[in-house]
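The residues making up each chain are set out below.
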Amino acid sequence: SIIHLDLDAFFASVEQRDNPAYRGKAIIVGGIFKDNGELSRRGVVCTASYQARKYDIHSGMPIWEAQQKCPGAIFIPSRIRYYSKVSHDFFQICSEYTPLIEPLSIDEVFLDVTGCKSLFGSAEEIAHKIKDRVKKELHLPVSVGIASNKFLAKIATNLGKPDGFYVLPDDNISEVLSELPITKLWGIGQKTAGILNRSGIFTIKQLTQMPDVILQGILGENGTKIKQLAQGIDNSPVCPAEESKSIGREMTFSENITNKDELTKIILDFSQNIGYTARKRGYVGKTVTLKVRFHDFRTIQRSSSLEYATNLDNIIFQKAKKLLD
């Protein structure tokens, strides 16, 4: 019994919860704000409220495009540290019902409650308890999907959104999946979908009817696995999250910066933040990585390892400064 939970329009829902004036409005979280408070045309949408999604606005969309599609929207800067705290509270509620909890992102999680029924009841009962607690304690909407595996549970959640509760029984899988677009399958992005579309495959049902040899020719080694998903087969277990392997900071600027002294000051700020975070968590690290993205989205990355692991600001800074050079 797998439960999938997804906080609906998470960042926007938090902002609407905290500010009554935003409720029922088209809210877009993201973008870059200049020192004078003006919204830059650079940056992308982090989250859009369901009121804004009616205008076909979605995560990752350029801010300038969102402004054109919905000129009356309210744009709000992202408060990622605050959202992370709310996310922690959400995961804490979920973890009280099973130790098998696998976060997918800051607002999405899988729970395996197969062995927890004698303690808390059926999967449906457990999911209702969590949904009710999230609403009562966090005052946020959460959509729930329940099925026999992770892939189907996530499909179920999407079918019930927003603020939904959807149970997908095994004897109803073919009927539910058949007319869904192939982009609902894990591993099928827009590029792969385009290749499949050119081969006349648009729905999950059409994909299941394709011979394995042809699918492998189109999708390569993933062909067999993707066809299994299309048939509702997913044997991947719910895996609790591992400890963080890295600590980092990044920033998108409202204007291009080419002044080396200014960039050095920013790297110093990042180094101090990373060192403080590492010391607070009791971590040390040996490898320092610097990533730079240019105006055309070309990205370069350089790494260098220290002789000894550290969490000291100045050592991190000196290594990052050399990477900048």
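Residues numbered from 1 in each chain as written. Predicted model: local features only at pLDDT ≥ 70, side-chain atom pairs only at ≥ 80, totals over all residues. Heavy atoms only, no water.

Colleague: Would you mind showing me how to read unusual backbone geometry here?
Modeller: Backbone phi values are negative for most residues with the exception of glycine, while trans is the configuration of most peptide bonds. Omega for the peptide link from K161 to P162 comes to -5 degrees, which places this bond in the cis form. Mapped onto the elements of the fold, P162 is located in the loop between α7 (150-160) and β8 (165-167). If you check the backbone angles, D56 has positive phi at about 65 degrees while not being a glycine. You can see D56 is positioned in the loop between α2 (50-53) and α3 (63-69). (Helix = DSSP H or I, 4+ residues; strand = E, 2+ residues; numbered from the N terminus.)

Colleague: Please clarify how the packing of aromatic side chains should be interpreted in this entry.
Modeller: Aromatic ring pairs: the centre-centre distance and the angle between the two ring planes describe each pair. Going through the model one piece at a time under the given rule, you end up with 8 aromatic pairs. Look at Y82 and Y83: their rings are 6.5 Å apart centre to centre, the planes differ by 50 degrees, and that puts the pair in the tilted class. A residue is classified by how much of its surface remains accessible, and Y83, at 0% relative accessible area, is buried. One residue, R53, lies across the ring of Y50, its end atom 4.5 Å from the ring centre. (Phe/Tyr/Trp six-rings, centres within 6.5 Å; stacked < 30°, edge-to-face > 60°. Buried < 20%, exposed > 50% of the residue type's maximum accessible area, 1.4 Å probe, protein only. Lys NZ or Arg CZ within 6 Å of the ring centre and 35° of its normal.)

Colleague: What am I meant to see in the sheet that holds strand β6 (residues 108-112) here?
Modeller: Strand pairing in a sheet is mediated by backbone hydrogen bonds. Such pairs are either parallel or antiparallel. Pairing is mixed in the open sheet, where 5 strands are placed in the order β5-β6-β1-β7-β8. Two strands close off the open sheet at either side, each with one partner strand: β5 (101-105) and β8. On average, adjacent strands in this sheet sit at an angle of 15 degrees to one another, irrespective of strand direction. Direction of pairing for strand β1 (residues 2-7) relative to β6: antiparallel, over a ladder of 5 bridges. Bridge pairing in β6 places L5 opposite V109. Contacts between helix α6 (residues 123-138) and the sheet are confined to β1, β6, β7 (142-147) and β8, with β7 contributing the most and set at about 170 degrees to the helix. (Pairing = 2+ DSSP bridges. Axes fitted to C-alpha atoms, helices over the stretch in contact; angles between N-to-C directions. Contact = heavy atoms within 4.5 Å.)

Colleague: How should I be thinking about the environment of Q68 in this particular structure?
Modeller: You can see Q68 is positioned in helix α3. Residues Q68 and S303, 235 residues apart in the sequence, show an inter-C-alpha distance of 40 Å.

Colleague: Mind showing me how you'd approach the sheet that holds strand β3 (residues 45-48) here?
Modeller: Read from one edge of the open sheet, 3 strands run β3-β2-β4, paired in mixed fashion. Of all the strands in the sheet, the pair left with one neighbour each is β3 and β4 (74-76). Going across the sheet, the axis of each strand differs from the next one's by a mean of 25 degrees, ignoring polarity. In this structure, strand β2 (residues 27-30) lies alongside β4, joined through 3 bridges in parallel fashion. Note that in β4 the partner of I27 across the bridge is I74.

Colleague: Is there a simple way to think about the side chain of T157 in this case?
Modeller: Locating T157 in the fold gives a position in helix α7. Here H4 takes part through its side chain, which lies 2.7 Å from a polar atom of the side chain of T157. When neighbours within four sequence positions are excluded, T157 is seen to be in contact with H4, D6, S143, V144 and G145. (Polar contact = N/O pair within 3.5 Å; in protein donor to acceptor, adjacent residues only side chain to side chain.)

Colleague: Could you clarify how one ought to interpret the side chain of N311 in this entry?
Modeller: Looking at the secondary structure, you find N311 in the loop between β10 (299-310) and α14 (313-324). A distance of 3.2 Å separates a polar side-chain atom of N311 from the backbone oxygen of Y283. When sequence neighbours within four positions are dropped, the list of residues in contact with N311 reads G275, A278, R279, Y283, V284 and I316.

Colleague: I would appreciate a short explanation of the pattern of salt bridges in the present structure.
Modeller: Side chains carrying opposite charge are able to pair once their charged atoms draw close together. Per the stated rule, a full pass over the model turns up 16 salt bridges. With its nearest N and O atoms 3.7 Å apart, the salt bridge here joins K69 to D56. With K69 in helix α3 and D56 in the loop between α2 and α3, this residue pair connects regions lying 13 residues apart in the sequence. The shortest N-O distance in the salt bridge between R133 and E137 comes to 2.8 Å. Of the two residues, R133 and E137 both sit in helix α6, 4 residues apart, roughly one turn of that helix. What you see here is one network of salt bridges that share partners, running through E15, R17, D18 and R79. (Salt bridge = Lys/Arg side-chain N within 4 Å of Asp/Glu carboxyl O.)

Colleague: Sorry, what's going on with the nonpolar core here?
Modeller: The nonpolar side chains of soluble globular proteins are, as a tendency, buried together. Counting 34 residues, the largest nonpolar core has I3, L5, F90, L111, I130 and V134 as the members making the most contacts within it. Elements that contribute at least two residues to this core include exactly β1, α1 (10-18), β2, α4 (80-95), β6, α6 and β7. Ranked by size, the runner-up nonpolar core spans 28 residues in total, among them I155, V176, I182 and I188. (Core = buried A, V, L, I, M, F, W, Y, C linked by side-chain atoms within 4.5 Å.)

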